[in-house]
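Observations on the model geometry
Next come the chains, spelled out residue by residue.
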Amino acid sequence: MTAGAPSAPPKTSTGDRLDHDVQDGLDAAIAQLRSGTRAWSALTLGQRRTLIRRVRVATAAVAEEWADTAATSKGLPPGHPLRGEEWLSGPYAALVALDAYADTLHALAVGRSPLEDLRTGSAPGARTVVHTSPLTATDTLLLSGYTTEVWLQPGVDAATARREAGLGQLDPAASGGVGLVLGAGNITSIPYLDVLYELLAFNRVVILKVNPTQDALVPVFERALAPLIEPGLLRIVRGGGDVGGYLTQHPDIDHVHITGSESTFGAIVWGPSHTPGAAGAATRRRREGRPLLKKPITAELGGVSPIIVVPGDWSAADLRFQAEHVVTMRLHNSGHNCIAGQVVLLSEDWPQRDAFLDEVRAAYERAPSRPVWYPHSQSKLDAARSSYPDAAWCAGGTRALIEARPEDATTLEATEYFAPVLALVGLRGTGQEFLDAAVAHANDRLVGTLGANVLIDPVTQNALGDGFERAVADLRYGTVAVNAWTAFGFLTPTATWGAFPGGTLADAPSGMGIVHNALLLDRVERTVVRGPFRPFPRSVSSAARGRGLSVLPKPPWFVTSRTGAAVCEGFTRFRIDGNPAKMAVTLVKAFGA
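The following refers to the structure shown. (Residues numbered from 1 in each chain as written. Predicted model: local features only at pLDDT ≥ 70, side-chain atom pairs only at ≥ 80, totals over all residues. Heavy atoms only, no water.)

A word on the overall build of the protein
To be explicit about the condition: Helix and strand definitions follow DSSP, with helices as H or I runs of at least four residues and strands as E runs of at least two, each counted in order from the N terminus. Only the C-alpha atoms count toward the radius of gyration. The rule for a globule is 2.2 Å times the residue count to the power 0.38. Only heavy atoms enter the contact rule, under which two residues are in contact if any of them lie within 4.5 Å.
The secondary structure content of the protein amounts to 23 helices and 19 strands. The C-alpha atoms of the protein give a radius of gyration of 23 Å, which matches the 25 Å a tight globule of 593 residues would have. Dimensions of the protein along its principal axes, counting C-alpha atoms only, are 65 × 60 × 50 Å. Sequence separation of at least 24 residues holds for 77% of the intrachain contacts in the protein that already meet a minimum separation of 6.

See the structure below:
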């Protein structure tokens, strides 16, 4: 069961009891990690940076296999236009995170704060803002027009933020013990990135249980992370809920981190509820505040993400581009994303409402077909069909588009479908009145606090002024994206990722804690992503109003991009080798989108 050799799927006996050989293998892996805690504590910051650079070399060597294995496992054959998703959300995300962590370790090793050269500012409510990207010329080139900010909790000033940045690496010899990471099954970089954060933010060596949907990637992970496996800092195991249940209750596991569903989180914390008797016991423990889990846990659990469309005077090109943007937020990875946009909040009083909806319907239909591959997704689609019999279906009945009045949208707003279900809900008002109503609706009606998206043209945003920034501050979400998708915050390693603060064991619809955070910031409230309302060349007019210049005619992650697969692969290869000639070819392809 250790990751030094090819891993075999664990044998299990009936029920939730493990085969003795499997249990012995898990116990041995944890014992090896106990020894690994001493090895990690003995490393200096400089040695840790060298180790991270070795992981980068190993990861770069398997990048192509990683992307190909992931795409194939999701039913995307060679040549499929959406295979680029697996380059960007897999090895690309891993490589940029490694670079950012290496920079942070270098800064700390020479006695500097990771924030020393970063610009800071302020946001409504006595919040300090750390401008966290772009930080390099490469970021500016590849992701032009997009920025990220980390907003700290109210009252934390810039000097305190600089002093506290570093988390576990401020005291590298202090061991955090052994952490368990229960890996996500949808986006392939998630378990990889969660391992890095446990190690670097908390000095915890890690046992990673890979979700069964990613079993095919275990050999790739083993080679990519071999520099961590060899000294006993990481072990990778496979298995289902029985293996996960055994590990969460293991006395030598000091902390649990899960990316998954709220129901799985509840089963870990309060006990399983798949039978009437078990459900009753779990309910009693929750009511009495007696969790079954006796160790700390953090989690990222998804939710129902809003897309707030602020009415303005949009051109026909704006309507088409932003419709494709909305459809991308829903259909990326076939909708199997924790922050897939699910509920579009529109103004009933917007004169262009019907024209925009026409563009959304057309983009939803013309996006490339692909399998709905995640386990149990078909049952979610069936539930949507049952709850909303008037829904429009396209792509062979695999995508639902539902228009609903607020009073009829309760199920849509309380159910994370994790499948291609997109809802359109109308609210009254325009301008600040609409925006404030949409923010309140998202906060109060939609389940979860992970990510919210806002689309607004530069003229309207400038007209709203401080009122717009106040509305952003009022959104209770861990990532807020303005003219971007919150997934950009996920992809940016110096941003933070997680639910809005305030989740508890008894009530954590989107989880507790954050990950990524390569600057190792403390006391974080949220990340704010800002992007260009228009692509190149129309972005020039937006830039003239101070709202971002993009040199991309269409972001390569758009599901409607004709060249997205080649461009996402080219971006990743440039991160690997920095070859400017090859990058020039990639940029030419980007203009063919």
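Things to note about a nonpolar patch on the surface
To keep it simple, the criterion reads: In this analysis, a patch consists of residues with relative accessible area above 30% that form no salt bridge, clustered at 9 Å for like charges and at 5 Å for the nonpolar side chains Val, Leu, Ile, Met, Phe, Trp and Tyr. Note that accessible areas follow from Shrake-Rupley with a 1.4 Å probe, and for residues the cover is restricted to the protein chains shown. When a carboxyl oxygen of Asp or Glu is within 4 Å of a side-chain nitrogen of Lys or Arg, the pair counts as a salt bridge. Buried residues are those whose accessible area, probed at 1.4 Å on protein chains only, stays under 20% of the maximum for their type, while exposed residues exceed 50% and partly exposed ones sit between those limits.
Taken together, the side chains of Phe536, Val540, Leu549, Val551 and Phe591 make up a nonpolar region of the molecular surface, amounting to roughly 410 Å² of accessible area. Topologically, Val551 is positioned in the loop between helix 21 (539-543) and helix 22 (564-577). Accessibility expressed as a relative area gives 34% for Val551, which makes it partly exposed.

With respect to the environment of Tyr92
Structurally, Tyr92 is set in helix 4 (residues 84-109). Apart from residues no more than four positions distant in its own chain, Tyr92 is found in contact with Trp87, Leu142, Leu143, Leu491, Phe571, Thr572 and Arg575.

Remarks on helix 3 (residues 63-73)
Here helix 3 has its buried residues at Ala63, Trp66, Ala67, Thr69, Ala70 and Ala71. Looking at the buried positions of helix 3, the neighbouring elements they touch are helix 2 (45-61), helix 4, helix 7 (189-202), helix 8 (218-224) and helix 22. One or two positions beyond helix 3, positive phi appears at Gly75, with a value near 80°.

A look at the sheet that holds strand 4 (residues 178-182)
Test applied: Pairing between strands is defined by DSSP: at least two bridges between them are needed.
One open sheet holds the six strands; their spatial order is 6-5-4-7-8-17, and the pairing between them is mixed. For this open sheet the edge positions go to strand 6 (234-237) and strand 17 (511-512), each flanked by a neighbour on one side alone. Examined bridge by bridge, strand 4 and strand 7 (residues 255-259) share four bridges and lie parallel to one another. Pairing of Leu180 across the sheet is with Val256, part of strand 7.

Describing the nonpolar core
Stated formally: We call a set of buried Ala, Val, Leu, Ile, Met, Phe, Trp, Tyr and Cys residues a nonpolar core when their side-chain atoms join them within 4.5 Å.
Formed by 133 residues in total, the largest nonpolar core has its most connected members in Tyr192, Ile207, Leu228, Leu234, Phe265, Val309 and Phe356. For this core, the leading source of residues is helix 4, giving 13 residues. Not counting chain neighbours up to four residues away, the residues in contact with Val309 comprise Trp314, Val344, Leu345, Leu346, Trp350, Phe356, Phe434 and Leu455.

Comments concerning helix 4
Heads up, the rule is: A helix is expected to span 1.5 Å for every residue after the first.
Spanning 26 residues, helix 4 covers 36 Å between terminal C-alpha atoms, matching the ideal 38 Å at 1.5 Å per step. Buried residues dominate helix 4, accounting for 23 of its 26 residues. After helix 4 finishes, the residue Gly111 shows a positive phi value of roughly 85°.

Some thoughts on the packing of aromatic side chains
Quick note on the threshold: Centres within 6.5 Å make a pair out of two Phe, Tyr or Trp rings, where for Trp the six-membered ring is used; the pair is then stacked when the planes are under 30 degrees apart, edge-to-face when over 60, and tilted otherwise. The rule is short: NZ of Lys or CZ of Arg within 6 Å of the ring centre and within 35 degrees of the ring normal puts a charge over the ring.
Enumeration over the complete set of coordinates arrives at 15 aromatic pairs. Ring geometry for Trp314 versus Phe356: centroids 5.7 Å apart, planes at 90°, classification edge-to-face. With Trp314 in the loop between strand 9 (305-309) and helix 13 (316-331) and Phe356 in helix 14 (residues 353-366), this pair connects stretches of sequence that are 42 residues apart. Its relative accessible area of 0% is what places Phe356 among the buried residues. Grouping aromatic residues by their ring pairs yields a cluster made of Trp314, Trp350, Phe356 and Phe533. The aromatic ring of Trp40 is capped on one face by Arg48, whose charged end is 4.1 Å from the ring centroid.

Thoughts on the sheet that holds strand 14 (residues 451-455)
We count it as follows: Helix axes are fitted to C-alpha atoms over the stretch in contact, other axes to C-alpha atoms as well, and angles between N-to-C directions run from 0 to 180 degrees.
Strand order in the open sheet formed by eleven strands is 1-2-3-19-15-14-9-10-13-12-11, and the pairing between neighbours is mixed. This sheet does not close on itself; its edge strands, each paired only once, are strand 1 (120-123) and strand 11 (392-394). Adjacent strand axes in the sheet meet at a mean angle of 25° when their direction is disregarded. Inspection of the sheet shows strand 14 paired to strand 15 (residues 479-482) by four bridges, in the parallel sense. Across the sheet, Gly451 pairs through a bridge with Thr479, a residue of strand 15.

Remarks on the pairing of strand 3 (residues 147-152)
Strand 3 sits mainly inside the fold: five of its six residues count as buried. As defined by bridge partners, strand 3 adjoins strand 19 (residues 524-530) across six bridges and the pair is classed as antiparallel. Pairing of Thr148 across the sheet is with Val529, part of strand 19.

Considerations on the packing of helix 17 (residues 431-445) against helix 19 (residues 466-474)
Stated formally: By the definition adopted for this analysis, an angle is roughly parallel if under 35 degrees, roughly antiparallel if over 145, roughly perpendicular if from 65 to 115, and oblique otherwise.
Orientation of helix 17 relative to helix 19, taken along the N-to-C sense of each, is 5°, at an axis distance of 10 Å. Overall, the two elements helix 17 and helix 19 adopt an arrangement that is roughly parallel. Residues Gln432, Leu435, Asp436, Val439 and Asn443 of helix 17 lie in contact with helix 19, whose contacting residues are Gly467, Phe468, Arg470, Ala471 and Asp474.

A closer look at the pairing of strand 13 (residues 421-427)
Burial analysis of strand 13 places seven of its seven residues in the buried class, which makes it a mostly covered element. Sheet topology places strand 10 (residues 341-347) next to strand 13; five bridges connect them, and they run parallel. Along strand 13, the bridge assignment pairs Leu345 with Val425. Both strand 12 (residues 399-404) and strand 13 contribute to a ladder of five bridges, which runs parallel.

By themselves these figures say nothing about function.
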